[in-house]
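Here's the letter readout for the chains.
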Amino acid sequence: MNVAGTHYRTIWLKADNPSVVQIIDQRRLPHKFVIMDLTTVEATAAAIQDMTVRGAGLIGATAGYGMYLAALEAPRTSAEAFLKFLAEAGDQLKATRPTAVNLAWAVDRQLDAIRAGEDLHAMVAIARDTAGQIADEDADFCRRIGEHGLALIEAIAKRKPGEPVHILTHCNAGWLAFVDYGSATAPIYAAFDRGIPVHVWVDETRPRNQGARLTAWELGQHGVPHTVIADNVGGHLMQHGMVDVCIVGSDRTTYTGDVANKIGTYLKALAAKDNDVPFYVALPSSTFDWTIRDGLHEIPIEQRHAEEVKYMDGRTASGSIETVLLTPEASPVANYGFDVTPARLVTGLITERGICKPSEDDILHLYPEKRAVSGVR
Ligand code: MRU
């Protein structure tokens, strides 16, 4: 994606020092574009935990690079000591955020690949290559999600010539949530780049405001027309025919089609169902959990600090970034990070292999090799 005319990914190895991983500090957006260095697995875990980087795909890619940094840090006294350090590093990374399955998927992929190395030197090289592969694959899968999702937007555009296609999205399943393109935004960027008129309703997405801060910023960088709305507005827009389609992302999707996504997604899906607005979920296959059948009861839902609800930061008229208290100081707060939208409320899943219905049969038809995976009955 472009930032002031320059192409960026969200994570990369420093050009003149490949033992440094570079990321964009998403806590500073949209007011400041700051690139940050990561050199240890501990710093990588902290960056995932405090949401310096966030979003399912990017969390996975960052964990992949975190395992590479762990391989650089690990003791070289014996293969046993080296692999023990890596296993502990993997556990440390996995513990940072429980809902997005891409995190565990990337750590396990690294561990499987590294263990196959012939010696320690080879294992470090494998860790670096695998981190690069995870990132490249994420970008490629999102590009392909864009191609498949484009057909949906094209079909709507044909039905209303000369008018923009209005798309509602929640949170940030954009370029910043992945390595490039995004999942929910990939079809939007593909349509915009082909000259199809689109307009995006951007849910602000309390409490961290990923929509208002991040989705709005990246759409603006690309020149995509958009309007930020408070989280409560979507239902009203749908009742008045002002939304043609909802496209959201996912942090974990069961092989039966239940979708965990940023808190509030479920309410948008209910409103969409009531108003016959198609509700699509865009995700790469790294976001499927092939072991879980019942999303509502089996997907772990992250609960985060009360401070995220009680306080908000923003830029003042003088240009400084200030934090303000929103609630009575003593009021207790609950901060659930995600909710589960049951498959029955989802029109379709847009994946890198095509669009399918959110059902076990259709998902496994697209991914037949997963029939053999434990958990799939
Ligand atoms: O808590 P976050 O910001 O890491 O949440 C992830 C998200 O941005 C959303 O839930 C998104 O829609 C899916 S991640 C591609």
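In this text, all values refer to a predicted model and were calculated from it rather than measured experimentally. (Residues numbered from 1 in each chain as written. Predicted model: local features only at pLDDT ≥ 70, side-chain atom pairs only at ≥ 80, totals over all residues. Heavy atoms only, no water.)

### Description of the packing of aromatic side chains
Quick note on the threshold: Classification of ring pairs uses Phe, Tyr and Trp, with its six-membered ring standing for Trp, and accepts pairs whose centres are within 6.5 Å; under 30 degrees between planes counts as stacked, over 60 as edge-to-face, and the remaining range as tilted. Partly exposed describes any residue whose relative accessible area lies between the buried limit of under 20% and the exposed limit of over 50%, with all areas from a 1.4 Å probe on protein chains only and scaled to the type maximum. Criterion for a charge above a ring: Arg CZ or Lys NZ at most 6 Å from the ring centre, at most 35 degrees from the ring normal.
For the structure shown, the criterion picks out 7 aromatic pairs. Centre to centre, the rings of Phe288 and Trp290 are 4.8 Å apart; their planes meet at 35°, and the pair counts as tilted. You can call Phe288 buried: its relative accessible area is 4%. Classification of Trp290 as buried rests on a relative accessible area of 8%. Here a set of aromatic residues connected by ring pairs shows up, and it is made of Tyr8, Trp12, Phe33, Trp175 and Trp217. If you follow Lys262 out to its NZ or CZ, it ends over the ring of Phe338, 4.0 Å from the centre.

### As for the sheet that holds strand S5 (residues 35-38)
In a beta sheet, neighbouring strands are held together by backbone hydrogen bonds and run either parallel or antiparallel to one another. So the rule is basically this: The rule for pairing is simple: two strands pair if DSSP sees at least two bridges between them. Where helices and strands are cited, they refer to DSSP runs of H or I of at least four residues and of E of at least two residues respectively, numbered from the N terminus. Throughout, an axis means a line fitted to C-alpha atoms (over the contacting stretch in the case of helices), and angles, computed between N-to-C directions, take values from 0 to 180 degrees.
Strand order in the open sheet formed by 3 strands is S3-S4-S5, and the pairing between neighbours is antiparallel. One side of each edge strand has no neighbouring strand; the edge strands of this open sheet are strand S3 (11-14) and S5. Between one strand axis and the next, the sheet turns through 35° on average, direction left out of account. Looking at chain direction, S3 and strand S4 (residues 17-24) are connected through 4 bridges and run antiparallel. Along S4, the bridge assignment pairs Lys14 with Asn17.

### As for the domain arrangement of the protein chain
Put simply, the test is: Throughout, the edges of the domains are those of an automatic or database domain assignment. Should any heavy atoms of two residues lie within 4.5 Å, those residues are considered in contact. Here the buried area means the combined drop in accessible surface, using a 1.4 Å probe, for two parts upon being joined, counting both sides. By definition here, a salt bridge exists when the distance from a side-chain nitrogen of Lys or Arg to a carboxyl oxygen of Asp or Glu is within 4 Å. Counted as a polar contact is a pair of N or O atoms within 3.5 Å, where, for protein atoms, one must be capable of donating a hydrogen and the other of accepting one, and residues adjacent in sequence contribute only when both atoms are in side chains. Following the grouping adopted for this structure description, the nonpolar residues are Ala, Val, Leu, Ile, Met, Phe, Trp, Tyr, Cys and Pro, the charged ones are Asp, Glu, Lys and Arg, and the polar ones are all others, Gly among them.
Each assigned domain of the protein chain is listed with its residue range as follows: domain 1 (2-137) and domain 2 (147-374). Between the C-alpha centres of domain 1 and domain 2 there is a distance of 25 Å. Taken together, the 33 residues of domain 1 in the interface contact 34 residues of domain 2. Surface buried jointly by domain 1 and domain 2 totals about 2,800 Å² across both partners, of which 54% is contributed by carbon and sulfur atoms. The tally of links between domain 1 and domain 2 comes to 1 salt bridge. Linking domain 1 with domain 2 are 20 residue pairs in polar contact (both at pLDDT 80 or more). The element contributing the most residues to the side of domain 1 that touches domain 2 is helix H2 (residues 56-73), with 4 residues. Partitioning the side of domain 1 that touches domain 2 into residue classes produces 17 nonpolar, 11 polar and 5 charged.

### Concerning the sheet that holds strand S17 (residues 348-351)
The sheet built from 7 strands is open, its strands ordered S8-S7-S6-S9-S12-S17-S18 with mixed pairing. Only two strands of the sheet have a single neighbouring strand rather than two, namely strand S8 (226-229) and strand S18 (354-356). Taking the axes of each pair of neighbouring strands and ignoring which way they run, one obtains an average angle of 25° across the sheet. Sheet topology note: the S17/S18 ladder contains 3 bridges and is antiparallel. Note that in S18 the partner of Ile350 across the bridge is Ile355. Packed onto the sheet, helix H5 (residues 120-159) meets strand S6 (165-169), strand S7 (198-203), strand S9 (245-248), strand S12 (279-282), S17 and S18 and runs at close to 130° relative to S17.

### What about the pattern of salt bridges?
By the definition in use, this model includes 21 salt bridges. Between Lys160 and Asp244 there is a salt bridge, with its nearest N and O atoms 2.7 Å apart. Taken together, the positions of Lys160 in the loop between H5 and S6 and Asp244 in the loop between helix H8 (234-239) and S9 put the pair 84 residues apart, joining distant regions of the chain. When sorted by exposure, Lys160 lands in the same class as Asp244, which is buried. Notably, a salt bridge pairs Arg293 with Glu360, separated by 2.7 Å at the nearest N-O pair. Of the two residues, Arg293 sits in the loop between strand S13 (288-289) and helix H10 (295-298) while Glu360 sits in helix H12 (residues 360-366), which places them 67 residues apart along the sequence. Overall, the relative accessible area of 30% leaves Arg293 in the partly exposed class. For Glu360, a relative accessible area of 17% gives the class buried. A network of salt bridges, in which partner residues are shared, links Arg97, Arg208, Glu302, Arg304 and Glu308.

### Let's talk about the pairing of S6
Of all 5 residues in S6, 5 are buried, a share of seventy percent or more. Here S6 shows no split at all, with Val165, Ile167 and Thr169 on one side and His166 and Leu168 on the other all buried. Two strands pair when backbone bridges link them, and S6 and S7 are joined in this way by 5 bridges, in the parallel orientation. When the bridges of S7 are listed, Leu168 appears paired with Trp201.

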